[in-house]
Amino acid sequence: MSNHPWPTPATIAYGGDYNPEQWPREVWDEDVVLMREAGVTMVSVGIFSWGLLEPEEGVFDFAWLDELLDLLHANGIAVDLGTPTASPPAWFFATYPHALAVDKHGVVQGFGSRGMASHSAPEYRRAAARIAGELARRYGQHPAVVMWHVHNEYGVPVGEDFSPNAVAAWRVWLQERYGSLDALNAAWGTAFWGQRYGRWEHVVAPAATPTTVNPAMKLDWARFTDDQLRACFRAERDAIRAHADQPVTTNFMAHQSWNTDLWAWAQEVDIVSDDHYLWSPDPDAHVALALSADLTRSVARGRPWILMEHSTSAVNWQGRNIAKRPGEMHRNALTHVGRGADGIMFFQWRASRSGAEKFHSAMVPHAGPTSRIFREVASLGARLGAIGELQDTRVRAQVAVLYDWESLWAQDLEWRPSDALQFRERMRAYYERLWRDGVQVDFAHPGDDLSGYRLVVAPASYLLTAAQGENLTRYVAGGGTLLVSCFAAVVDEHDAVHHGGFGAPLREALGLTVEEFLPMREGESCAVELDGRTLTADVWAEDLAVDGAQVRGTYSGGPADGAPAVTRHEHGDGVGWYVSTRLDVAALAPVLAAVYDDAGIAPSSAPEGVELMTRHGETADYVVAVNHRDDAVTVPLEGTELLSGTDVTGVLTLPAGEVAVVRSTPGGGR
Amino acid sequence: MSNHPWPTPATIAYGGDYNPEQWPREVWDEDVVLMREAGVTMVSVGIFSWGLLEPEEGVFDFAWLDELLDLLHANGIAVDLGTPTASPPAWFFATYPHALAVDKHGVVQGFGSRGMASHSAPEYRRAAARIAGELARRYGQHPAVVMWHVHNEYGVPVGEDFSPNAVAAWRVWLQERYGSLDALNAAWGTAFWGQRYGRWEHVVAPAATPTTVNPAMKLDWARFTDDQLRACFRAERDAIRAHADQPVTTNFMAHQSWNTDLWAWAQEVDIVSDDHYLWSPDPDAHVALALSADLTRSVARGRPWILMEHSTSAVNWQGRNIAKRPGEMHRNALTHVGRGADGIMFFQWRASRSGAEKFHSAMVPHAGPTSRIFREVASLGARLGAIGELQDTRVRAQVAVLYDWESLWAQDLEWRPSDALQFRERMRAYYERLWRDGVQVDFAHPGDDLSGYRLVVAPASYLLTAAQGENLTRYVAGGGTLLVSCFAAVVDEHDAVHHGGFGAPLREALGLTVEEFLPMREGESCAVELDGRTLTADVWAEDLAVDGAQVRGTYSGGPADGAPAVTRHEHGDGVGWYVSTRLDVAALAPVLAAVYDDAGIAPSSAPEGVELMTRHGETADYVVAVNHRDDAVTVPLEGTELLSGTDVTGVLTLPAGEVAVVRSTPGGGR
Amino acid sequence: MSNHPWPTPATIAYGGDYNPEQWPREVWDEDVVLMREAGVTMVSVGIFSWGLLEPEEGVFDFAWLDELLDLLHANGIAVDLGTPTASPPAWFFATYPHALAVDKHGVVQGFGSRGMASHSAPEYRRAAARIAGELARRYGQHPAVVMWHVHNEYGVPVGEDFSPNAVAAWRVWLQERYGSLDALNAAWGTAFWGQRYGRWEHVVAPAATPTTVNPAMKLDWARFTDDQLRACFRAERDAIRAHADQPVTTNFMAHQSWNTDLWAWAQEVDIVSDDHYLWSPDPDAHVALALSADLTRSVARGRPWILMEHSTSAVNWQGRNIAKRPGEMHRNALTHVGRGADGIMFFQWRASRSGAEKFHSAMVPHAGPTSRIFREVASLGARLGAIGELQDTRVRAQVAVLYDWESLWAQDLEWRPSDALQFRERMRAYYERLWRDGVQVDFAHPGDDLSGYRLVVAPASYLLTAAQGENLTRYVAGGGTLLVSCFAAVVDEHDAVHHGGFGAPLREALGLTVEEFLPMREGESCAVELDGRTLTADVWAEDLAVDGAQVRGTYSGGPADGAPAVTRHEHGDGVGWYVSTRLDVAALAPVLAAVYDDAGIAPSSAPEGVELMTRHGETADYVVAVNHRDDAVTVPLEGTELLSGTDVTGVLTLPAGEVAVVRSTPGGGR
């Protein structure tokens, strides 16, 4: 990431996707009036406009966009200008049918919804760079344009592609990665099941096959997919940079989309932005929101980021789309701010009358500006306007949670010991335990320098390279506390089991390896006796080969009855903990309590359901407080509550469902 | 519909599909003897005989059919002569492989089961019209032939087709519908997601795509499919009419198949006929049967119709095919009669030894003519023979239930606020409430003149055009009572949200619009307080923008806690009721009771489970009584019970599971 | 089967699949040391080595295999040499893409996992026979090679194939089977649904179709698939026999894979071998293991067989792969021995670091030779070494259970009266009842001479030809006891319902036919009153047309309330029992008790969960005892316990989970 200035100086950017091409011209005028009423400072424009901007190949029509940008600028609304390449026009696919993406069953993905072409089609890459370049050439100097928004949510709805274009690119990618077929055969372990390749052109895509595909091949396919998508981004970004200086972003979907390694992507953008939507079946979806926000800030390496999309109320693409209740949107938005967002944007400004997403909520819903939703939108705009000074303040954490997309990709492959032990579930469970304990976390890559953290938690580190294992071992030896969840350090970067058995790279840090995995049947559970408490465990147990570790929790019942379940190992100046089973959020509490003790971390004393986040500035700290509870709470705080402009003298009273932002002296916040 | 005479004069037609080509010649002679024993008056012949009648393209062999028709005629059995076009022969598909239908994933639907070719393949339409015409030329004057049975159950198993033939026809259809691409782009709202079309040939079918297809496109695709199927029917019908004068029908599947808009289809046939099968998982499948019968009569605009297929006992194509218990077939058949059927036919006469449907029950089952089933078949034949005077008498209703296939198609599309709120479920629930209350209903189209009804119920009117909204508003203003269920009048004919918000076309009639939909999670429910009763609601709630309506029921708990749930609005001389949530059949009872009061309708006083239906003749009324209960009941009636020929003096005693048909003086029935 | 000598004389063969090509050369030396430590006598080699043995078409590289076989031979380890044709190399599919298998939706099954090519591709058959022949030419005289292992698990993962090659072969196969199209049309009943064929080239495969395919066609398709697979086997076997004299096998998957009719396959191999894996969701998977072992011995017609693969602990390809607990592997292995296996082999020797099955347990697991698993492997090797004298002793049974793959294929087709009544479920339930009663069974084909058995049980004989019906009737008339479960003798070899109604071929033997099937809804059940007990039945009932049989059990409730449920019929010198509903394992107990009485069979008196199996030698009997219980038990026995070498004087005490093998005088065992 370069260090571009913030697109909307001295304010938290506020607005949403704006698609006026769906409306008659007179509505535009109403829109800008309402935007000003709502405190909107920036809108994202043009994200799905390719067909209008280039109605025929090479023929451009910018008149309507000229008019729109001028109108917005005249009204003081900045523009985040989109490239429309997430949805090529009908003529593109009619002209280049071979650029259509193909699914793993060979079904060509046709026109009529949306979704980019094959990420590997040369015609697509060319056409995408051309329209991006043309936009930049025309609007690079337009005063309204403060940022570039390349494409939309890379990886969905088209991530993997099995078209002939993709297969050709795959062979090139493999040659670059491995250099020789011997290296590829060794990395993929093709001696198994007789898969040895004698020529590059014999390598095909991991499409439909009689049974499970080579997992190392599939892991590389995930890397390839990610790389190809990122190459598409770079081609557009570079086409823009030839003509324009504003920062370039593309909207991520942290912890909601899985095809993109955001550690790598964040290096490519000038400003990190993220889309986040609540998952309706989850009654605690605000915990997942916090996770997503922390992950976004972490891939941005702590710098400010923009929440590029969220919803004012329900979405439309889930099974039962739960509407947000009064106040919920404010809690959601302020949580993003509390976790580092300096921009709060929505999809979208005005609800569409037509199309697949007409039941998606908007800033101006179908019920119009007299609606509850618009009132809350305007109120949120005012509130964000009152906290502009938070811009560029930072979040600090003593705890790092390891998050590695490569491990996610590898663990998600087929034929693991148990389908029921999943990266995402464990990540959420450990995160939620820390969230409920009021412990602020960063996410980190297992190869990062972790020495600045008191505690490192590894909820799902199935793939952990030898080098990463050494990194974690050094961290412990240097005085850190490491907590590792089961099924960890099993395979290397080629999804090959480590020599020395399961967990070998962490043997020193944890004082054990794992002799055998012991999955449980559906509906089965067992107990873990720990510090006089009986915890319930399910899904998974392990037969540990303890090599120095102290047994802290013991299985009672289940496949490992009487054997060690939770261990603690002193190594160098630090401590390595290991939890060999699946404990739910509640059962993790006493384990984490003991781990906090080792790490010297004090959990929050706020009532459960009250989320306190601190942003640290040079001259002040800002506590963002969100009350998810149905009753009022009090929080010991000193300073000025910025939303209301009132003083807080010792105690902040936060009504049910409300939010507050308190400025205090540095270090005085919490 | 033209006004052809009834095919079997002075009798309720009785019989079934007859496929003697599956049996040796000597069985035919046994068949006609058994048919006479069973009181069979008409059989449907030749429905799957294309391969025998035209063994090679253009080569016809009618000898066996000549012999068969002569045999039937000699035995006094009339023939409903089928065209065999629902199952083209092997040679057809081998000769014209491009006429095979293709599914949305591009999978060609091969030979070996049954199912017509692509509805848009010119070769299919030509071949179908030719065999229909040849049959009519040969048998148009045959004295046995009293009716023509075109094809079989249009729309299943092949409805939608994505073959190149279909795509080509689709472009023509769209040009005819819209005239210009500008009109199409506006109707489909292609500005959303950048789907604008610049040339007709860029429009493809809504086949496999990366994500959800434009819903207006899919709605038009449903209309196109329906139109193409109907064009196939017309081609055959017209080929027959060139040589034959008998009435022409094709068998519908009302409320059991969804690709055909029966309001339109019924205009094309001379006599409406319908197939109906009980749905095994439904313990109250006889309610769905009644719905289907009322719907069939309604699309026939009250004229007599034929139950073309039902089953003597179990079918074979459901998961667990429940056999009918003794008496059940009689109850089913008489319910159809009570709701307007003047013909009772079965699939099929004699159970097949081979093939996909050999476990489908028949009039002559595998157990032969000594079986219980054949005894009941013969007894039913005798009973129908005793009630010939019901022919052409009519059913009258004071209540209309709105049923619109366009609304069904639109509501069934993807990405609605909740998958759990469904057209079919709501239609059944409201119908069942009325059925349990003993209230006879017609179905009606929302564009119909409704002034003859005291009450109009709209269980699932998601798509309601502005004109239809005006029609309903006029109806209320004119003194009618209107009851509207939630998620109504949301979109226009292009699946575009109405200007003015959800429900805008009914704002005057109902005194409200809907500000926001509030779906509930799976397993969630809330209460509605109504007239001192507490009802349970689930799936759905709404945030109502009440504009004059009186609140009659209020939410307690759930996403709309404390807000209006059920409203009543006086408009002009009438009343508009609105139910903004999902109430089950039981919970609907007090709502409907209040609505009946407004409408001046008196529910039946018969015990629940006793179904009383009246057919009105010029000189007499006929009460068809069906006792679904396990105990005997008494019903106050006066007249002659026709099945037994006994007098009913004040009270009819109906044993458990039994049926009766009582002739009384007009208006004396009920 | 020919009568080849046992490959490992005077020992129970012991070992596993050995794939050293996955490991560096130095590991091989460690392997042979560990093999000797573990008592390994034989390993299977080369099963997935095609790509190494023939790196380019027609270019062979045997150097590594030469070295390997010499090394094994030098260490006294015999070799079961595999042909690698279950996984053709990448070059094969790149050179012959038309040899790829195709699924029923037309999706080509690509390279990257494993799975043979189209069974009908001439190029595949040629290439497979060539590599098999080359191996035999080179190693036919090698002293290490004691057996040939052709291919791997025919039928999975590629059984059915819908490629053009398969369709062409299918037409040839049909012409050979039927001779004329008239015969085919009659057999398939193509008059139904107008499917008559006028030319052979019009017949296609039963691939994707609009609705259910002709069931007789699908049944023939299953026979065709089985025949094609067997032809592939024969081609390889014969290529081997041209150069080599050792016995030839291929590994079956009895009762775990369904595409192969093992009665026919067993005729083609010299030694029967079988793979068996526990099914993790089944808490009593050891019962299914026993079934599989008895079935394997039965298709081998009682001769010794080899358990070619099982697992030391968990597998990797199920949803939650349950690990075996200490002792369980010994119980599994000894149960196979007790039921006739003279070889106990594993997949695989050393756990793979890479590939799809790296989480499959092995003899040398990832945790290495110090692990519990390796200790148990070595201990099992020692134990098997101690019971070499069991080799070629035989199992005897008084009860035959009918098992016919043709009936399984036919019953599994679509559109049966109830999806919930299944071949496999009924087979397991009846088998488990007999297992719990301690009654040793053989499996038999319904066309076999059954006169040697006291009791014949037919749990799932939906397809039973007239000739088979006569065979069973003769068996009863001759004094046998026959027990038939519901939905029996319904169709003939063409899946056509028998003349005379359901069950007609058994009318004499059972004294009844079935008038109608009465499936129950999900969740429904009813009672059967039998000998003063009330049993619970579900899924299925029947309306019996009793014709002489005595009613022993009567329905109470359900669709057949009050009617006969269980009958007993004396015919000639024997008795025919009929159970017309689904009784679970517990409810079957009193029925079987009554049947045992008729048959003169005494159930075992051992405690439930103690499995006693007897192998009969010329000079001694051997009781293999397996205690599946959590407590110790005593069993009355006299002789010598071979595993420990101790005398058993009247009572064998078997600790929880333990096994024993007791030599006693003939007839003294049990």
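Cut-offs used in this document
In every chain, residue numbers begin from 1 and rise along the written sequence. As they are written, the chains are lettered A onward and the ligands numbered 1 onward, keeping that order. Reporting of local features is limited, given that this is a predicted model, to residues whose pLDDT is at least 70; pairs of side-chain atoms are given and counted only at 80 or more, and all residues count toward the totals for whole chains, interfaces and linings. Comment: elements are numbered from the N terminus, with helices defined as DSSP H or I runs of at least four residues and strands as E runs of at least two. To estimate the expected span of a helix, count its residues, drop one, and scale the result by 1.5 Å. With C-beta atoms placed from the backbone, a residue counts as buried when 20 or more other C-beta atoms lie within 10 Å of its own, as exposed when 12 or fewer do, and as partly exposed for counts between those limits. Whether two residues are in contact depends on their C-beta atoms, placed from the backbone: they are in contact if these lie within 7 Å. UniProt positions are given in the numbering used here, feature names are shortened, and annotations may be inferred rather than shown by experiment. For two strands to pair, DSSP has to find at least two bridges joining them. Fitted lines through C-alpha atoms serve as axes, helices being fitted only where they are in contact, and the angles separating the N-to-C directions of these axes extend from 0 to 180 degrees. Those domain boundaries reflect an automatic or database domain assignment. Three categories are distinguished: nonpolar for Ala, Val, Leu, Ile, Met, Phe, Trp, Tyr, Cys and Pro, charged for Asp, Glu, Lys and Arg, and polar for the others, with Gly belonging to the last. Handedness of a crossing follows from how the near helix is turned relative to the far one, being left-handed for an anticlockwise turn of less than a right angle and right-handed for a clockwise one. Orient the strands so they point away from the viewer, and a crossover whose first-strand-to-second-strand path over the helix runs clockwise is right-handed.

### Some thoughts on helix α12 (residues 372-385) of chain A
All names here are of chain A.
Here is step 1: Helix length check: α12 (14 residues) gives 20 Å between terminal C-alpha atoms against 20 Å at 1.5 Å per residue, within 8%.
Here is step 2: Looking only at α12, the buried set comprises I373, F374, E376, V377, L380, G381, R383 and L384.
Here is step 3: Looking at the buried residues of α12, the elements they touch are β1 (13-18), α1 (25-38), α11 (328-338) and β9 (341-346).

### Examining the UniProt feature "domain: Beta-galactosidase C-terminal" (unreviewed entry) in chain A
Here is step 1: UniProt tags residues 609-663 of chain A as "domain: Beta-galactosidase C-terminal" (unreviewed entry).
Here is step 2: The straight-line gap between the two end C-alpha atoms of residues 609-663 of chain A is 21 Å; of that span, 0% is helix and 67% is strand.

### Structural notes on the sheet that holds strand β26 (residues 659-664) of chain A
All names here are of chain A.
Here is step 1: Judged by pairing direction, the sheet is antiparallel, and its five strands sit side by side in the order β22-β23-β26-β24-β25 without closing on themselves. The open sheet is flanked by β22 (610-616) and β25 (646-654), the only strands paired with a single partner. The mean angle between the axes of side-by-side strands here comes to 25 degrees, regardless of whether they run parallel or antiparallel.
Here is step 2: Sitting on the sheet, α11 touches β22, β23 (621-627) and β26, and the angle it makes with β23 is about 150 degrees.

### Digging into the domain arrangement of chain A
Residues and elements named next belong to chain A.
Here is step 1: Its domain assignment divides chain A into domain 1 (15-390), domain 2 (399-599) and domain 3 (610-664).
Here is step 2: Taken over C-alpha atoms, the centre of domain 1 sits 34 Å from the centre of domain 2.
Here is step 3: If you look at the interface, domain 1 gives 19 residues, while domain 2 gives 21 residues.
Here is step 4: Contributions of two or more residues to the side of domain 1 that touches domain 2 are made by α7 (181-188), α8 (215-241) and α10 (285-299).
Here is step 5: Ranked by residue count, the leading element in the side of domain 1 that touches domain 2 is α10, at seven residues.
Here is step 6: Here the residues of the side of domain 1 that touches domain 2 are counted per class, giving 13 nonpolar, three polar and three charged.

### Re the packing of helix α14 (residues 423-436) of chain A against helix α17 (residues 588-599) of chain A
Residues and elements named next belong to chain A.
Here is step 1: Two elements in contact, α14 and α17, have axes whose closest approach is 10 Å; the angle formed by their N-to-C orientations is 65 degrees. The crossing of α14 and α17 is right-handed. Contacts between α14 and α17 involve A429, Y430 and R433 from the first element and L588, A589 and L592 from the second.
Here is step 2: Partitioned by chemical class, the residues of the contact of α14 with α17 number five nonpolar, no polar and one charged.

### A closer look at the pairing of strand β8 (residues 305-309) of chain A
Residues and elements named next belong to chain A.
Here is step 1: Burial within β8 is extensive, with five of its five residues counted as buried.
Here is step 2: Alignment of strand β7 (residues 272-275) against β8, held across four bridges, turns out to be parallel. Considered in β8, the bridge of S273 is made with I306.
Here is step 3: Once the chain exits β7 it traverses α10 before rejoining the sheet at β8, and the crossover so formed is right-handed.
Here is step 4: The sheet contact formed by β8 and β9 spans three bridges and is parallel. Residue I306 lies in a different strand from β9, and its bridge partner there is G343.
Here is step 5: A crossover links β8 with its parallel partner β9, the connecting element being α11, and its sense is right-handed.

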